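Chain and residue survey
Read off the chains here:
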Amino acid sequence: MKTSPPPMPNTANTFTSQIPPKLFCATFLILSSVKYLLIPTYRSTDFDVHRNWLAITRHLPLSEWYFDNVGGTTVHTLDYPPLFAFFEWGLSNNVITDMLLEKGWLDERCLELLPDYDNEPSDRCVRFHRMTVILSDMVLFLGAYLASVSLGGIYSVSINNGCGRRSHPWVTFLLIVTNPGLILLDHVHFQYNGMLLGVLLMSISFITWGTHIISTKIPVDITKNKSITTEEVIELKSYGFFELLGAGAFAALMAMKHLYLMLAPLYLFYLLRHHCFVARRRGKTVDSSFSFRRFVLLGIVTLLCLLGSFVPFFAMHNQPLVQMKQIFARLFPFGRGLVHDYWAANMWAIYLFASKVASFLLRKAPIPSGLRRTIESYAIIPFPEPPPSAVALCLLVGLIPCMFSAWKVGGSSLLPHSVLSSRSRKSSAVDAAEYFIHAVAFSSFSGFMLGYHVHEKAIMTSIIPLSLLATTSRENARLFIRTCLFGIFGLLPLLFRTDEFLLKVALFTSWMAGVIFILERIVFKNGKSGRLDEKRGLLTAMDIMAISVLVYLLIFMEIIHPIIFMLRGEYEFLPLMMTSVFCAIGLLHCWVKSFLQLTWTKSV
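A quick note: this is a predicted structure, and the numbers were derived from the prediction, not measured.

1. Points about the overall build of the protein
- Scanning the protein from N- to C-terminus turns up 23 helices and 4 strands.
- Expressed as a percentage of its 604 residues, the buried residues of the protein come to 53%.
- Intrachain contacts of the protein at a sequence separation of at least 6 include 78% that bridge at least 24 residues.
- Carbon and sulfur atoms provide 66% of the accessible area of the protein, an area that totals close to 27600 Å².

What follows is the structure, given as structure tokens:
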């Protein structure tokens, strides 16, 4: 059997032509300089958490990392998966850190195990820790670069084949790396969200390249009328190498932060169907068969990247089961409750708000005493808190549409219309790539809206993938703008000091205005008629109303409430509740819209 070598995606010119290296370097240097200026700003207790993790990984043996709590004097215990723990170990145990300590540029106290009542860091410690976040953003830049050009490469091939699909990689790249949500979360509030999302973007970029279909001609000898003839069979399969890279990157991401487990069903169903099946066309007949070799390779790569970092913890502990239970107890602390102290803007914020409204009405409404006693006896008001198992079931139900569609799209991209012509194959790659990114956004939305004890910052896992599609159509652009509008606004109360008021408001409003201007005036400037489509702008009347409400809410939260209510010690948490509930309603709309976009994506 002879096979022709499969063509590789033309990446030679894609990476340099769509986003020039000078733009990449200049953007990184300028943004890094801005982030450096933010070092003295507010930092949350997450700074203390990560500082303590540096101390744990520097001074304690690996077997004690998930057990230590500084003698019960700290709540900042290690509760991220092992691969992130090794990342912290790398930060605290390297030549540069040792040199900084030796020369006195970093104080020893910064990396010591300290109790919560005596853990105030020095300026040198703050600068060191902030710089690790700034440098780790190189992963975000690299992920944004790869994802933007990989998707842009597929759309450019689609344009060349007359499919009329277009993307703007440099705009997409800038939408991601300049996102104010990441700047405020990582470089003011303090976390490493940018680095983790960069790994996710790398995984998406590899999966996107994998949507290209390899068409290989295989001559097969057949017997016909007692003579030997040759029939040509066309074998169709995805680019296995890129999909293995995508699966490995995602598995490593889950080993760094378990928040991304909500994307696992999507990756499982899509790769199992798209990667592990091979289609063959003989004449007009097309069938598919399961490739055991591809399945084994996919399993090996995924398990090595996911479980490889767990092995040392089990190997170096004399009771591996005890170590495993301790790690999972830290990763899934269900005792913390359904919601965070500051409600994330999701379904549970709406649920709890409805419960408070029902309790108020039960107290104030003129209800007959018999009916009141019946309601109180059944304890249905306030609403009962759903247990973790019920929440997990809700989340599973929310992910089911993505599982079914992932299996369908993963298989159909290999079947009949994909083999008709080169144009069909290129169009199929666009549709499969766009579907997968929509599916990542929808799965992240489902995890945010239905997850247990979700933090408000988890909405970034939906916003960043949606950035990739913001320049591809007006509908995608509207969904991106609305998700940013409600999602990032919901993050503003995290920076509650007056010192950061102008910073967060100016950064958010200027970025949103710039995004709307660029998308409307540059990306979508030409309609079918070749002129600006002024009658159907990106912002609808409902969007203008929502922006107006957010402006009034911001004024109330930052000006009216502190002057009128806080001075009297009343309604302390009212602004937080109003922000969470209103943003939750807006994000509920975006979640439904994301589902519709997922189902409306062209079936491949």
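More follows now that the structure is in view.
2. So, the side chain of N346
- In this structure, N346 sits in the loop between α14 (320-331) and α15 (347-364).
- Filtering out sequence-adjacent residues up to four positions away, N346 remains in contact with F448, M449, G451, V454 and A584.

3. Let's talk about the pattern of salt bridges
- Here the structure, examined in full by the defined rule, presents 13 salt bridges.
- With a closest N to O distance of 3.7 Å, K593 and E475 form a salt bridge. Highlighted residues: K593 in helix α23 (residues 574-600) and E475 in helix α20 (residues 474-489), separated in sequence by 118 residues.
- For E475, a relative accessible area of 26% translates into the label partly exposed.
- A salt bridge links D543 to R482; its shortest N-O distance comes to 2.8 Å. Separated by 61 residues along the polypeptide, D543 in helix α22 (residues 541-564) and R482 in helix α20 bring together distant segments of the chain.
- What emerges from the salt-bridge pattern is a single network uniting E475, R478 and K593.

4. A short note on the packing of helix α7 (residues 169-177) against helix α19 (residues 460-469)
- The geometry of α7 relative to α19 is characterised by a closest axis approach of 8 Å and an angle of 165° between their N-to-C directions. Here α7 lies roughly antiparallel to α19, going by the angle between them. The chirality of how α7 crosses α19 is right-handed. Two secondary-structure elements touch here, α7 through T172, L175 and I176 and α19 through I464, S467 and L468.
- Among the residues making up the contact of α7 with α19, the classes are represented as 4 nonpolar, 2 polar and no charged.

5. Points about α15
- Under the 1.5 Å per step criterion, the end-to-end length of α15 is 26 Å for 18 residues, consistent within 8% with the ideal 26 Å.
- Looking at α15, one finds that the buried residues are W348, A349, S355, A358, S359 and L362.

6. Here's the deal with unusual backbone geometry
- Phi at V70 is positive, roughly 50°, even though this residue is not glycine.
- Relative to the helices and strands, V70 resides in the loop between α3 (45-59) and α4 (82-92).
- When its relative accessible area of 16% is taken as the criterion, V70 is described as buried.
- In the Ramachandran plot, H453 falls in the positive-phi region, its phi being about 50° despite a non-glycine side chain.
- Topologically, H453 is positioned in the loop between α18 (422-450) and α19.

7. Notes on the state of the cysteines
- Applying the stated rule across the entire model yields 1 disulfide.
- Here C110 engages in a disulfide with C125; their sulfurs sit 2.1 Å apart. Sign of the S-S torsion, about 60° for the bond between C110 and C125, identifies this disulfide as right-handed. You can see C110 sitting in the loop between α5 (95-102) and α6 (123-160) and its partner C125 sitting in helix α6, a full 15 residues away along the chain.

8. Topic: the packing of aromatic side chains
- As enumerated under the stated definition, the model contains 41 aromatic pairs in all.
- Aromatic pair F250 and Y267: ring centres 4.0 Å apart, planes at 5°, arrangement stacked. Note that F250 is positioned in helix α10 (residues 240-254) and Y267 in helix α11 (residues 264-274), a separation of 17 residues in sequence.
- The class for F250 is buried, based on a relative accessible area of 4%.
- Linked through ring pairs, F47, W53, Y80, F84, F87, F190 and Y192 together constitute an aromatic cluster.
- Lying over the aromatic face of F47, R43 brings its terminal NZ or CZ to 5.3 Å of the ring centre.
- The ring of W105 carries K103 above its face, with NZ or CZ at 5.9 Å from the centroid.

Rules behind the numbers
- Residues numbered from 1 in each chain as written.
- Predicted model: local features only at pLDDT ≥ 70, side-chain atom pairs only at ≥ 80, totals over all residues.
- Heavy atoms only, no water.
- Helix = DSSP H or I, 4+ residues; strand = E, 2+ residues; numbered from the N terminus.
- Buried < 20%, exposed > 50% of the residue type's maximum accessible area, 1.4 Å probe, protein only.
- Contact = heavy atoms within 4.5 Å.
- Areas by Shrake-Rupley, 256 points an atom, 1.4 Å probe, with all protein chains shown as cover.
- Salt bridge = Lys/Arg side-chain N within 4 Å of Asp/Glu carboxyl O.
- Axes fitted to C-alpha atoms, helices over the stretch in contact; angles between N-to-C directions.
- Parallel < 35°, antiparallel > 145°, perpendicular 65-115°, else oblique.
- Left-handed = near helix turned anticlockwise from the far one by under 90°.
- Nonpolar A, V, L, I, M, F, W, Y, C, P; charged D, E, K, R; others polar.
- Expected span 1.5 Å × (residues − 1).
- Disulfide = S-S within 2.5 Å.
- Phe/Tyr/Trp six-rings, centres within 6.5 Å; stacked < 30°, edge-to-face > 60°.
- Lys NZ or Arg CZ within 6 Å of the ring centre and 35° of its normal.

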